[in-house]
Amino acid sequence: MNKKNGRKILLLPGDGIGPEVVREVKKILDWFNDKKSLDFTFEEELIGGASIDINKIPITDEVFYKSLESDAVILGACGGPKWDKLEFSKKPERALLKLRKELKLFANLRPAICFKQLVDSSTLKPEIVSGLDIMIVRELTGGIYFGEPRGIEPIENNQRKGINTHSYTTNEIHRIARVAFDLAKKRKNKVTSCEKSNVMEAGVLWREEVQVIKDKEYKSIELDHMLADNCAMQLLRNPKQFDVILADNLFGDMLSDEAGMLTGSLGLLPSASLGAKDKNGRIRSLYEPVHGSAPDIAGKNIANPIATILSLSMALRYSLDLEKEADKLDEAVQKVLDDGLRTKDIISKGKKEVTTTDMGDAIISKLK
Ligand code: IPM
Ligand code: MG
């Protein structure tokens with residue numbers, strides 16, 4: 001098979017604004033197929049609440065196996081108020097966590113770049129955020145998200161106890177540290193590793209084991225250790241001190257939302273979740289915008305599709321071996337922003353407000 005052809009992509013639009021933003025990705029895939037003879041095959045399936053409504057479960061085995069067999073999965077968003085009352089294990093978000101865990105997608109890459117055209121959309125002063133380019137590397141299959149024991153149990157005096165367990169092993173820390181160091185090599189050679197080693201043993205281990213990998217394998221990289229709460233503060237005080245931020249599952253979740261807001265809007269942030277290489281050199285992967293399902297604006301055609309479109313560009317780069325096409329797509333997004341087109345979340349004075357569909361069309365027109 002021709003390397004560039006016949007790549008299988010699975011689209012999982014999901015809930016809320018998911019279907020609207022994934023629709024724009026579909027248009028771009030069609031364009032690549034038509035105009036660049038790229039011959040992507042793509043299928044669309046239900047996930048999250050959309051799957052619960054039809055199948056009673058957030059992801060069916062069939063969809064799960066399709067994800068396993070795809071070269072890349074692109075997901076919109078999971079969850080919404082409609083399903084909030086469901087028992088915990090049946091909630092839409094469980095589908096996403098199952099995919100991450102069972103596809104072994106331990107490395108979550110969340111770039112936070114402040115585009116020059118959007119410096120004014122940030123709630124921070126322009127001089128603080130202009131030129132910002134951070135990569136957050138979040139561990140995605142361990143820590144408190146998956147640790148056992150977990151649950152809610154009755155205790156004495158009619159009280160209840162909620163339990164979650166935070167734990168990491170040496171290997172889990174080593175493999176995610178390597179991802180961060182490898183990325184830093186291609187950037188500014190600097191990693192800031194975050195934990196709470198002042199209060200958590202798992203944090204002490206995290207700090208020590210990240211240092212071990214740096215000392216053994218990445219001597220030329222600069223490594224700082226920072227307490228996660230301090231990192232949250234430093235992100236607002238002086239975000240440009242960071243190059244790659246390495247964090248566990250929970251701290252990475254929080255720090256990436258914060259870093260996202262520095263760029264102006266969560267509507268701009270893509271992410272890639274990657275597993276290890278299998279014996280054929282293939283990497284399992286899932287691409288999704290960092291923003292959630294945004295039920296408040298769903299169905300209005302006002303959501304920003306850029307985060308999902310940039311997630312496609314990450315898929316082209318990391319999973320589909322189509323670096324040039326990824327560059328092209330990134331440039332097309334830049335050009336549309338240069339032209340002053342903005343969705344509602346990033347609108348500012350003198351710019352033209354456009355719908356989700358218009359934004360997608362405009363980006364396609366710049367690919368031409
Ligand atoms: C994210 C989200 C998810 C997470 C939710 C939807 C389960 O916040 O991808 O950042 O907590 O990981
Ligand atoms: Mg999050």
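Conventions and cut-offs
As a convention, each chain's residues are numbered from 1 in the sequence order in which they are written. All chains are assigned letters beginning with A, and all ligands numbers beginning with 1, in the order in which they are written. With pLDDT at 70 or above as the cut-off, local features in this predicted model cover only qualifying residues; side-chain atom pairs require 80 or more to be listed or tallied, and sums for whole chains, interfaces and linings still use all residues. Side-chain numbers here rest on the full set of heavy atoms in the structure, without hydrogens or water. Every helix listed is a DSSP run of H or I at least four residues long, and every strand listed is a run of E at least two residues long, numbered separately from the N terminus. The globule rule used for comparison is 2.2 Å times the number of residues to the exponent 0.38, while the radius of gyration itself is calculated over C-alpha atoms. Only the protein chains shown count as cover for residues, and all accessible areas are computed by the Shrake-Rupley method using a 1.4 Å probe. Residues counted as positive are Lys and Arg, residues counted as negative are Asp and Glu, and His and the chain ends are not counted. Where a charge sits is defined by one atom per residue type, namely NZ (Lys), CZ (Arg), CG (Asp) or CD (Glu). Being near a molecule or strand, for a residue, comes down to having at least one heavy atom within 4 Å of it. Side-chain atoms alone can form a polar contact between residues adjacent in sequence; in general such a contact is a pair of N or O atoms within 3.5 Å, and within protein one must be able to donate a hydrogen while the other accepts it. Centres within 6.5 Å make a pair out of two Phe, Tyr or Trp rings, where for Trp the six-membered ring is used; the pair is then stacked when the planes are under 30 degrees apart, edge-to-face when over 60, and tilted otherwise. For every residue, the accessible area (1.4 Å probe, protein chains only) is compared with the maximum for its type, and the residue is labelled buried under 20%, exposed over 50%, or partly exposed between those bounds. Comment: the charge-over-ring label is applied if NZ (Lys) or CZ (Arg) is within 6 Å of the ring centre and within 35 degrees of the ring normal. Here a cavity denotes a set of grid points, spaced 1 Å apart and computed over the protein atoms alone, in which a 1.4 Å probe fits but from which it cannot get out, and a pocket denotes an open set meeting protein on both sides within 12 Å along at least five of seven lines; residues with an atom within 4 Å of a point are reported as lining. Grid points are joined across faces, edges and corners, and a volume is the space filled by probe spheres set on the points. Polarity classes work like this: nonpolar for Ala, Val, Leu, Ile, Met, Phe, Trp, Tyr, Cys and Pro, charged for Asp, Glu, Lys and Arg, and polar for all others, with Gly in that last group. Residue ranges for the domains trace back to a domain assignment, done automatically or taken from a database. We call two residues in contact whenever any of their non-hydrogen atoms come within 4.5 Å of each other. Buried area: the accessible area, evaluated with a 1.4 Å probe, that two parts lose upon being put together, summed over both parts. Salt bridge, as applied in this entry: a Lys or Arg side-chain nitrogen positioned within 4 Å of an Asp or Glu carboxyl oxygen. Two strands qualify as a pair provided DSSP detects at least 2 bridges between them.

**Points about the overall build of the chain**
Of the regular secondary structure elements, the chain holds 12 helices and 14 strands. Taking 21 Å as the expected radius of gyration for a compact globule of 368 residues, we find that the chain reaches 20 Å, a close match to that expectation. Overall, the C-alpha framework of the chain stretches about 60 × 50 × 45 Å when taken along its three principal axes. Counting every atom, the chain has about 16,700 Å² of accessible surface; 51% of that belongs to carbon and sulfur. In the chain, 57 side chains carry a positive charge and 56 a negative one; their mean positions are 2 Å apart.

**With respect to the site of ligand 1**
Taken together, Glu 93, Arg 100, Arg 110, Arg 138, Tyr 145 and Asp 253 make up the full set of residues near ligand 1. Within the side chain of Arg 100, one N or O atom sits 2.7 Å away from an oxygen atom of ligand 1. With respect to ligand 1, the side chain of Arg 110 contributes an N or O atom lying 2.8 Å from an oxygen atom. For ligand 1, the protein covers 75% of the area, taking 320 Å² as the surface of the free molecule.

**Quick notes on the packing of aromatic side chains**
In the structure shown here, the tally under the stated rule is 5 aromatic pairs. Judged by centre distance (5.4 Å) and plane angle (70°), the ring pair of Phe 64 and Tyr 65 falls under edge-to-face. For Phe 64, a relative accessible area of 6% gives the class buried. Given the relative accessible area of 46%, Tyr 65 is considered partly exposed. Directly above the aromatic system of Phe 64 lies the positively charged group of Lys 98, at a separation of 4.8 Å from the ring centroid. Its end group placed over the ring of Phe 146, Lys 101 keeps NZ or CZ at 4.8 Å from the ring centre.

**Side note on the layout of surface pockets**
Roughly 550 Å³ of internal volume is contained in the largest pocket. Lining of the largest pocket is provided by 21 residues; of these, Pro 111, Ile 113, Met 135, Arg 317 and Asp 330 occupy positions nearest its centre. For the lining of the largest pocket, the elements supplying multiple residues, two or more each, are strand 4 (107-113), strand 5 (133-139), helix 10 (306-318) and helix 11 (323-338). Partitioning the lining of the largest pocket into residue classes produces 12 nonpolar, 2 polar and 7 charged.

**Examining empty space enclosed by the protein**
On inspection of all chains with the given rule, the structure shows 1 cavity of 30 Å³ or more. The computed volume of the largest cavity comes to approximately 50 Å³. Contributing to the lining of the largest cavity are His 166, Tyr 168, Cys 194, Glu 195, Lys 196, Met 200, Ala 202, Gly 203, Trp 206, Asp 248 and Phe 251. Looking at the lining of the largest cavity, the elements that each hand over two or more residues are strand 8 (190-195) and helix 7 (201-217). Split into classes, the residues belonging to the lining of the largest cavity amount to 6 nonpolar, 2 polar and 3 charged.

**Observations concerning the domain arrangement of the chain**
In terms of domains, the chain is made up of domain 1 (1-109 + 269-368) and domain 2 (133-262). Counting from both sides, the interface comprises 15 residues of domain 1 and, opposite them, 17 residues of domain 2. Together, Lys 101, Phe 106 and Asn 108 form the three largest contributors to the area buried by domain 1 at its contact with domain 2, with a combined 43%. Across the domain 1-domain 2 interface, the total number found is 0 salt bridges.

**A word on the pairing of strand 3 (residues 72-77)**
Where burial is concerned, most of strand 3 is hidden: 6 out of the 6 residues are buried. Here strand 1 (residues 8-14) runs beside strand 3; their pairing, made up of 5 bridges, is parallel. Of the residues in strand 3, the one forming a bridge with Leu 11 is Ile 74. Looking at chain direction, strand 3 and strand 12 (residues 283-289) are connected through 2 bridges and run parallel. Bridging across to strand 12, Val 73 finds its partner in Leu 286.

**Looking at unusual backbone geometry**
Omega for the peptide link from Glu 148 to Pro 149 comes to -5°, which places this bond in the cis form. By the element assignment, Pro 149 lies in strand 6 (residues 147-155). Its identity as a non-glycine residue notwithstanding, Asp 321 has a phi of 60°, on the positive side. Position of Asp 321 relative to the elements: it lies in the loop between helix 10 and helix 11.

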